[in-house]
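Observations on chain architecture
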Amino acid sequence: MAEGSYAAASLVDEGFMHCSRPEQTARVANAGVAGQRDLVLLCIDEERVVADVRYEGWSDDGPRFPHVYGDLNLDAVLEVVDFPPGEDGTFELPTRISELQGE
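A quick note: this is a predicted structure, and the numbers were derived from the prediction, not measured. Along every chain, residues carry numbers that run from 1 in the direction the sequence is written. Given that this is a predicted model, residues contribute local features only at a pLDDT of at least 70 and side-chain atom pairs are listed and counted only at 80 or more, while totals for whole chains, interfaces and linings are drawn from all residues. The side-chain values count all of the structure's non-hydrogen atoms but skip hydrogen atoms and water molecules.

Remarks on the environment of Pro94
Looking at where Pro94 falls in the secondary structure, it is placed in the loop between β7 (77-82) and α3 (95-102). Think of it in three bands: residues with accessible area under 20% of the maximum for their type are buried, residues over 50% are exposed, and the middle band is partly exposed, with areas taken using a 1.4 Å probe on protein chains only. In this structure Pro94 comes out as buried when scored by relative accessible area, which is 14%. Distance in space between the C-alpha atoms of Pro94 and Ala26 is 9.1 Å, their sequence separation being 68 residues. When checking whether two residues touch, look at their non-hydrogen atoms; a contact exists if any pair is within 4.5 Å. In contact with Pro94, other than residues within four places in its own chain, are Leu41, Val81, Asp82 and Phe83. Here a strand is any run of E in DSSP of at least two residues, a helix any run of H or I of at least four, and the numbering for each starts at the N terminus.

Overview of the layout of surface pockets
The gaps of empty space that remain are located by a probe, the size of a water molecule, rolled over the atoms. A 1.4 Å probe that fits but cannot get out identifies a cavity on a 1 Å grid over protein atoms alone, an open set with protein on both sides within 12 Å along at least five of seven lines counts as a pocket, and a residue lines either if it has an atom within 4 Å of a point. Grid points are joined across faces, edges and corners, and a volume is the space filled by probe spheres set on the points. Of the voids in this model, the largest pocket is the one considered here, and its volume is about 1400 Å³. Every element with two or more residues in the lining of the largest pocket is listed here: α1 (9-14), β2 (17-18), α2 (22-32), β3 (40-44), β4 (52-56), β5 (65-69), β7 and α3. Looking at which element gives the most residues to the lining of the largest pocket, the answer is β3, with five residues. Asp, Glu, Lys and Arg are counted as charged, while Ala, Val, Leu, Ile, Met, Phe, Trp, Tyr, Cys and Pro are counted as nonpolar; the rest, among them Gly, fall into the polar class. Classifying every residue of the lining of the largest pocket by side-chain character gives 29 nonpolar, eight polar and seven charged.

With respect to the environment of Asp82
Relative to the elements of secondary structure, Asp82 occurs in strand β7. In sequence terms Asp82 and Pro63 are 19 residues apart; their C-alpha atoms lie 25 Å from each other. Setting aside its immediate chain neighbours within four residues, Asp82 contacts Leu39, Val40 and Pro94.

A short note on the confidence of the model for the protein chain
With 97% of its residues at a pLDDT of 70 or more, the protein chain shows a mean pLDDT of 93. pLDDT expresses how confident the predictor is about each individual residue, on a scale running from 0 to 100. Taking the mean pLDDT of every element in the protein chain, the minimum, 86, falls on α3 and the maximum, 98, on strand β6 (residues 72-73).

A few points about the sheet that holds β4
When DSSP locates at least two bridges between a pair of strands, those strands are taken to pair. As summarised here, the arrangement of the three strands in space is β2-β5-β4, forming an open sheet in which the pairing is antiparallel. Either end of the sheet is taken by a strand with one partner, and the two such strands are β2 and β4. Examined bridge by bridge, β4 and β5 share five bridges and lie antiparallel to one another. Looking across to β5, one finds that Tyr55 is bridged to Pro66.

Some words on the pairing of β5
In terms of residue burial, β5 counts as a mostly covered element, since four of its five residues are buried. Inspection of the sheet shows β2 paired to β5 by two bridges, in the antiparallel sense. The residue of β5 that forms the bridge with Met17 is Val68.

As for the packing of aromatic side chains
Side-chain rings of Phe, Tyr and Trp, where Trp is taken by its six-membered ring, are said to pair if the distance between their centres is within 6.5 Å; with planes under 30 degrees apart they count as stacked, over 60 as edge-to-face, and otherwise as tilted. If you walk through the whole model with that rule in mind, you get two aromatic pairs. Seen in terms of ring centroids, Phe16 and Tyr69 are 5.3 Å apart; in terms of plane orientation they differ by 40°. Their pairing is tilted. Of this pair, Phe16 sits in the loop between α1 and β2 while Tyr69 is found in strand β5, placing the two residues 53 residues apart along the sequence. Of the residues examined, Tyr69 reaches a relative accessible area of 24% and is grouped as partly exposed. Where Phe83 meets Phe91, the ring centres are 4.5 Å apart and the plane angle is 25°; that geometry is what we call stacked. A relative accessible area of 3% places Phe91 in the buried class. The ring of Tyr69 is capped by Arg54, whose NZ or CZ atom sits 3.8 Å from the centre of that ring. Geometrically, a charge over a ring is one whose NZ (Lys) or CZ (Arg) sits within 6 Å of the ring centre while staying within 35 degrees of the ring normal.

Now the structure itself:
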């Protein structure tokens, strides 16, 4: 079991950490961090997260995204997956994420 916790800068700036479901990940990354290198995806077991997790969106009829309201306990992180952009700078969901969903 991993000990400790992780807190993104957004926890201080906005009061929560942004997360996304697998099917949302590439779209969110392409909209916000296209071309950025040295990124990883934290694959989280939501049932293990100690902090409050809320699904929220910008509008009532839009997509909902998981937000973690507190530090992320590291024992909720199942795996860390490299997330490099393609040659054109855009992201696609890594195959490993699809494999994890099937496990």
